[in-house]
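Descriptive analysis of the structure
Next come the chains, spelled out residue by residue.
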Amino acid sequence: MLLNYFGAFTHMFEVTYDDNFIYPYTEKCQEIERSKFRVVYIIKSAVQNFDRRMAIRKSWGFEKRFFDVPSRTVFLLGVHSNDEEVQAKVKLEATKYKDIIQVNFIDEYYNNTIKTMIGFKWAVEYCSNSKFYMFVDDDMYVSVKNVLRFIRNPANYPDYLKEPKKISQKREIKYSYQSHVSDVNFTYGSNLLNNNNEKIKPNIGDISDPNNHTQKELLSTVESVHLSDAFSDTQENVIDKKYITENHPTTILNNHNKDNKTKSPIRKKRQVFDFELPEDVRLYAGFVFVSSPHRHRSSKWYVSLEEYPFHLWPPYVSAGAYVVSREALLDMYYTSFYTKHFRFDDIFLGLVAKKADIEPFHCEEFHFYKKDYTKFNYKYVVTSHGYEDPNELLRVWNEQKALGNA
C-alpha cells in the first residue's frame, strides 16, 4: 500500500503520450501537393468546449478567411476519463470537421505541457510545410489580419501601419559618388537641401537604424522626391540599378518629359508589404514575461526549491497565444527532448527557448488579459484573452471584420 502511494510501480503501466494519437489527421496539411502554408493555427481546447470550437470555426479559425493566404486550423484535445457521452460527441465532431487532434491523456490544467508538446510533435511530423505556427487557447479573440501583419514585420508592428506624419516640403537628395561603381555611396542626412538650395544638417544619427525616426519619416512620405541631377546619362547608365532597387529603400525610375530628352531618377515610397522575414528566421513571439517563481504553498503556481532553485524564470511568452516560425518550432521541439518536463507549459517553453538560444520577442498587442472593448480600440490587437462566451466572440469578431480589423 505504501509503495503504491509513492507510485513505485506506476511507471510500469504508463504509455508514451506521443505515440497515442486518436485523431492525428495526418492529411490535414497534405491536401494540396507541395502546398506551402503561411500560418497553421493550433488551438488548445478542452474536450467539452464544443461551442467555443464552433464559434472559432465561424470566425477567426475559418481557413479561407483570406483566399490568397493558405492556412490551416486544428484543435488539440485530450480525453475525459470514463465519459463516453462526451467522447462520442467528439468522435462525431472529428468526423464532420476533420480538424480535431486528440491524444490519449487526461485533459486538465497541469497537463497543458503535454498538450502543447503534442501540438509541436504533430506540426513537425505531419504539418511541417508552413512558415509560421500560432498556438492559441480556445478563449481568445484573434485578428487573423493583424496576425499576418505582425509576422510580416514584427519589429515595427504596429507602427509601420500607422499614418505617417506629413512632410511640409519636398526634399531633394544628392548622391555623392566615386568613379567606381563598387564605391557608390549614398548619403542622406548630410545632403538634404532646402528650397534655397542650402544644405540642411539635421542631427539624425544613423539613417540605417530601423528605429530611427527620420528614416521612418523619409520612407513613409507619400510624395515623390526628385533626386538631384548629379549624374550624366553616361554615369547613370554605369550605375547598377538592380543593386540600387534591391539594396536600398528607394525605387529608381526614369522620368521622361514630353521631348524625351531629360531623364531624372525618382524616389518613391517603399511599400510596407515589400518586407518579408527570411525563411530561416527563429521567431518565438507574444507577450513576454520576466517573473519569479511562486513560493507560497497556497498558490496555484507554487514551485518548490527542489523543482526550481533560481530566483527568476527565464523570459517566457504567455501561453494563451504565441507565434513560432518553422525554424523555431523545429529547434524547440528537438531541444525539448533534453529538457526536464515541467507542468506549466509557458515556463517549460521558456526553459526550452533558453536552452535553444532563442530569445522571446515581445509584442504589446498580444493581450494576455481581456482588453477593454470599444468599437475602435481593437484596430491593432492581435489577440485578447477572456472570450469564453462564444456569442461575445462572434459579435466582437464580426464587428471588427466589418471595420477591416479582423
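Residues numbered from 1 in each chain as written. Predicted model: local features only at pLDDT ≥ 70, side-chain atom pairs only at ≥ 80, totals over all residues. Heavy atoms only, no water.

Per an unreviewed UniProt entry, the chain is named Hexosyltransferase, and its organism is Odynerus spinipes. Under Subcellular location (unreviewed entry), UniProt gives the following word-for-word description of the chain: "Golgi apparatus membrane". Here is the UniProt Sequence similarities (unreviewed entry) comment for the chain, exactly as written: "Belongs to the glycosyltransferase 31 family." (UniProt positions renumbered as here; feature names shortened; annotations may be inferred.)

1. Quick look at the overall build of the chain
When its secondary structure is counted, the chain shows 11 helices and 16 strands. Residue burial in the chain is summarised as follows: out of 406 residues, 47% are buried. Surface summary for the chain: the accessible area is close to 22,700 Å², and the carbon and sulfur share equals 52%. (Helix = DSSP H or I, 4+ residues; strand = E, 2+ residues; numbered from the N terminus. Buried < 20%, exposed > 50% of the residue type's maximum accessible area, 1.4 Å probe, protein only. Areas by Shrake-Rupley, 256 points an atom, 1.4 Å probe, with all protein chains shown as cover.)

2. Re the pattern of salt bridges
Across all of its chains, the model carries 19 salt bridges by this definition. E279 is the partner of K131 in a salt bridge, and the nearest nitrogen-oxygen pair spans 3.9 Å. Placement of K131 in strand 4 (residues 130-137) and of E279 in the loop between strand 11 (265-267) and strand 12 (284-289) is noted, with a sequence separation of 148 residues between them. Note that E327 and R326 form a salt bridge whose closest N and O atoms lie 3.5 Å from each other. Looking at E327, the relative accessible area reads 24%, which means it is partly exposed. In this structure R326 comes out as partly exposed when scored by relative accessible area, which is 26%. (Salt bridge = Lys/Arg side-chain N within 4 Å of Asp/Glu carboxyl O.)

3. A look at the sheet that holds strand 13 (residues 316-325)
Overall, mixed pairing links the 7 strands, which are arranged 3-2-1-4-13-12-14 in an open sheet. The open sheet is flanked by strand 3 (100-106) and strand 14 (361-362), the only strands paired with a single partner. Bridge count between strand 12 and strand 14: 2 bridges; the pairing is parallel. Pairing of A285 across the sheet is with F361, part of strand 14. Against the sheet, helix 3 (residues 84-97) engages strand 2 (71-79) and strand 3, with an angle of about 155° to strand 3. Contacting strand 4, strand 12 and strand 13, helix 9 (residues 326-336) runs over the sheet at an angle of about 120° to strand 13. (Pairing = 2+ DSSP bridges. Contact = heavy atoms within 4.5 Å. Axes fitted to C-alpha atoms, helices over the stretch in contact; angles between N-to-C directions.)

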